[in-house]
Amino acid sequence: MENQNILEVHGLCKKYKKFALEQVDLVLPKGCIMGFVGENGAGKTTTLKCILDIAHRDSGSVDIFGQDSRKADMEDIGVVFVEMNYQQDITGNNINTMYRNIYRNWQEDTFFGYLDRFGIDRKKAYKTASRGMQLKLQLAVALSHRARLLLLDEPTSGLDPVVRDEMLEIFQDFIMDEEHSILFSTHITSDLEKIADYVVMIHEGRVIFSEQKDTLLYQYGIWKGNDSSLAKLPKNAVLAVSRSGFGVSALVNREKLGRNFEAERPSIDEIMLHLIKGEQIWAE
Ligand SMILES: Nc1ncnc2c1ncn2[C@@H]1O[C@H](COP(=O)(O)OP(=O)(O)OP(=O)(O)O)[C@@H](O)[C@H]1O
């Protein structure tokens, strides 16, 4: 049977002097958007770089379209990296000429279509464009060579809410045919609540959870109260506890909590904050 996963990462390890990715697993099916979240320095960019073999992995496997990523046709992968920079004097017109000579499937009309849609002057030098415009230019490139997988490092950071929403629509159109997928890292978790099918969270180089978004938001709940009411909750339902001047809140497993206690629907931010900053009381 044909592999239904566009990307499979298993046991990915990468060590830097002061940081290590440890046993990272990611499975991205066809036709899906996966959001990759975590604090600054958690290892999102490093993971994306290892997937692309820009950073060499120490161990583990990365398969794209069913084969080792190092054998993947890079034309099939559209990439956006915050830190990626074109030569400063380059213009949209120059970029078109460059990629026309590099990509077999380069689509000039699509590229210029996106530049017009994003309000980018094709004659303007890259260096004079704002950071948001530079990001849009990178996205226009990623979307113009018939890629089947988009690997995007914070593709919507620095974009205003209107443009961000437009981007999210473009991402949804991209996966519509069920053959394309997107993995993107972000700190804007509301974007994930809108469009992600899967959410993966990484913390200090380890994957903390990797779930379908709907399961995640259904499975977890936020309970609020005080220390004495906390003590009455079923112990195995409480995953992490945070205390503030307003009282106590706990990240709970709704099913294990049972019907006698109320828990609010969590946001992805609340889940993350409790798991990272909360006192961990791991449920069995
Ligand atoms: N080439 C490198 N050499 C040594 N350390 C590195 C290198 N690249 C990244 N690191 C370190 O690896 C850690 C993870 O960085 P990474 O950029 O993957 O985090 P991130 O989750 O993408 O963070 P952010 O949200 O801030 O972009 C950081 O501590 C960083 O300093």
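Placed above this text is the structure.
The rules behind each value
Throughout this description, residue numbers start from 1 for each chain and increase along the sequence as written. Residue-level local features of this predicted model are given only where pLDDT is at least 70; pairs of side-chain atoms are given and counted only at 80 or more, and the full residue set underlies all totals for whole chains, interfaces and linings. Side-chain metrics rest on all non-hydrogen atoms present in the structure, leaving aside hydrogens and water. Any residue with at least one heavy atom within 4 Å of a molecule or strand is counted as near it. Nitrogen and oxygen atoms within 3.5 Å of one another constitute a polar contact, given that in protein one can donate a hydrogen and the other can accept it, and given that sequence-neighbouring residues count only through two side-chain atoms. Each accessible area value is a Shrake-Rupley result obtained with a 1.4 Å probe; residue values ignore everything except the protein chains displayed when judging cover. Residues are grouped as follows: Ala, Val, Leu, Ile, Met, Phe, Trp, Tyr, Cys and Pro are nonpolar; Asp, Glu, Lys and Arg are charged; all remaining types, including Gly, are polar. In the cavity and pocket records, a cavity denotes points on a 1 Å grid over the protein atoms alone where a 1.4 Å probe fits but cannot get out, a pocket denotes an open set with protein on both sides within 12 Å along at least 5 of 7 lines, and lining residues are residues with an atom within 4 Å of a point. Grid points are joined across faces, edges and corners, and a volume is the space filled by probe spheres set on the points. Put simply, DSSP H or I for four residues or longer makes a helix, DSSP E for two residues or longer makes a strand, and each gets a number counted from the N terminus. Between the rings of Phe, Tyr and Trp (Trp by its six-membered ring), a pair exists once the centres lie within 6.5 Å; its type follows the angle of the planes, with under 30 degrees stacked, over 60 edge-to-face, and the other angles tilted. Charges are assigned to positions over rings by a cutoff of 6 Å between ring centre and Lys NZ or Arg CZ, combined with an angular limit of 35 degrees from the ring normal. The rule is simple: take the accessible area with a 1.4 Å probe, protein chains only, and divide by the maximum for that residue type; under 20% is buried, over 50% is exposed, in between is partly exposed. For two strands to pair, DSSP has to find at least two bridges joining them. Two residue types count as positive, namely Lys and Arg, and two as negative, namely Asp and Glu; His and chain ends fall outside the count. In what follows, salt bridge is the name for a side-chain nitrogen of Lys or Arg lying within 4 Å of a carboxyl oxygen of Asp or Glu. The contact definition used throughout considers only heavy atoms, calling two residues in contact when any of these lie within 4.5 Å. Note on terminology: a nonpolar core comprises buried Ala, Val, Leu, Ile, Met, Phe, Trp, Tyr and Cys residues joined through side-chain atoms within 4.5 Å. For every domain, the bounds stem from an assignment made automatically or drawn from a database. One less than the number of residues in a helix, times 1.5 Å, gives the span that helix is expected to have.

Undergrad: Which residues make up the site of the ligand, and what values go with them?
TA: The environment of the ligand is made up of Tyr16, Phe19, Glu39, Asn40, Gly41, Ala42, Gly43, Lys44, Thr45, Thr46, Glu154 and His187. One of the side-chain N or O atoms of Thr45 is found 2.7 Å from an oxygen atom in the ligand. One of the side-chain nitrogen or oxygen atoms of His187 is found 2.8 Å away from an oxygen atom of the ligand. In isolation the ligand has 640 Å² of accessible area, and contact with the protein removes 59% of it. Among the residues forming the shell around the ligand, the class breakdown is 3 nonpolar, 6 polar and 3 charged.

Undergrad: Account for the layout of surface pockets, naming residues and giving values.
TA: Volume-wise, the largest pocket comes out at about 230 Å³. Lining the largest pocket, in full, are Thr215, Tyr218, Gln219, Asn253, Arg254, Glu255, Leu257, Gly258, Arg259, Phe261 and Ala263. Secondary-structure elements contributing two or more residues to the lining of the largest pocket are α7 (213-219) and α9 (254-257). Its residues assigned to classes, the lining of the largest pocket shows 4 nonpolar, 4 polar and 3 charged. Of the pockets and cavities examined, the second largest pocket occupies roughly 170 Å³. Lining the second largest pocket are Met74, Ile77, Val79, Met84, Tyr86, Tyr99, Tyr103, Gln138, Val141, Ala142 and His145. Where the lining of the second largest pocket is concerned, the elements lending two or more residues are β6 (77-80) and α4 (131-142). Take the lining of the second largest pocket: its biggest share by element is 3 residues, from α4. Considered class by class, the residues forming the lining of the second largest pocket number 9 nonpolar, 2 polar and no charged.

Undergrad: Any details on the packing of aromatic side chains? Residues and values, ideally.
TA: One pass over the full model with this rule turns up 7 aromatic pairs. Looking at Arg122, its charged tip hangs above the ring of Phe112, at a distance of 4.0 Å from the centre. Between the NZ or CZ atom of Arg148 and the centre of the ring of Phe65, over which it lies, the distance is 4.0 Å.

Undergrad: Lay out the pairing of strand β9 (residues 198-203) with the relevant residues and their values.
TA: In the case of a regular strand, side chains alternate between the two sheet surfaces. Of all 6 residues in β9, 6 are buried, a share of seventy percent or more. Of the two faces of β9, both are covered, the one formed by Tyr198, Val200 and Ile202 as well as the one formed by Val199, Met201 and His203. Here strand β3 (residues 33-37) runs beside β9; their pairing, made up of 4 bridges, is parallel. When the sheet's bridge partners are listed, Phe36 is paired in β9 with Val200. Bridge count between β9 and strand β10 (residues 206-212): 6 bridges; the pairing is antiparallel. Its bridge partner lying in β10, Tyr198 is registered against Gln212. Here β9 folds back onto β10 in antiparallel fashion, the turn holding 2 residues, of which Glu204 has a positive phi close to 45°.

Undergrad: Before we move on, could you go through the side chain of Glu8 and cite the residues and values that matter?
TA: Mapped onto the fold, Glu8 is located in strand β1 (residues 5-15). No salt bridge forms around the buried Glu8; measuring N to O, its nearest opposite-charge neighbour Lys30 is 11 Å away. Among the polar contacts listed, one links the side chain of Glu8 to the side chain of Asn5, at a separation of 2.9 Å. When sequence neighbours within four positions are dropped, the list of residues in contact with Glu8 reads Asn3, Leu26, Val27, Ser61, Val62 and Asp63.

Undergrad: Mind laying out the nonpolar core, listing which residues take part and the relevant values?
TA: Of all hydrophobic cores here, the largest spans 54 residues; its most connected members are Phe111 and Ile182. Sorting elements by how many residues they give to this core places helix α5 (residues 161-175) first, with 7 residues. Split by domain, this core shows at least three residues from each of two domains, domain 1 (5-204) and domain 2 (220-280). Dropping the residues within four chain positions of it, Ile182 is found in contact with Leu28, Cys32, Ile33, Met34, Leu150, Leu152, Phe171, Phe174 and Ile175.

Undergrad: Report on α4, specifying residues and quantitative values.
TA: Along its 12 residues, α4 runs 17 Å from first to last C-alpha, staying within 8% of the 16 Å computed at 1.5 Å per residue. Across the 12 residues of α4, 10 count as buried, placing the element largely inside the fold. For α4, the full list of buried residues reads Gly132, Gln134, Leu135, Lys136, Leu137, Gln138, Leu139, Ala140, Val141 and Ala142. The inward-facing, buried residues of α4 abut β6, α2 (92-102), α3 (108-117), β7 (149-153) and α5.

Undergrad: Tell me about the sheet that holds β1, and please be specific about residues and values.
TA: Strand order in the open sheet made by the 4 strands is β2-β1-β4-β5, with antiparallel pairing throughout. With partners counted over all chains shown, the strands left at the sheet margins are β2 (20-29) and β5 (67-68), one partner each.

Read these as geometric descriptors, not functional statements.
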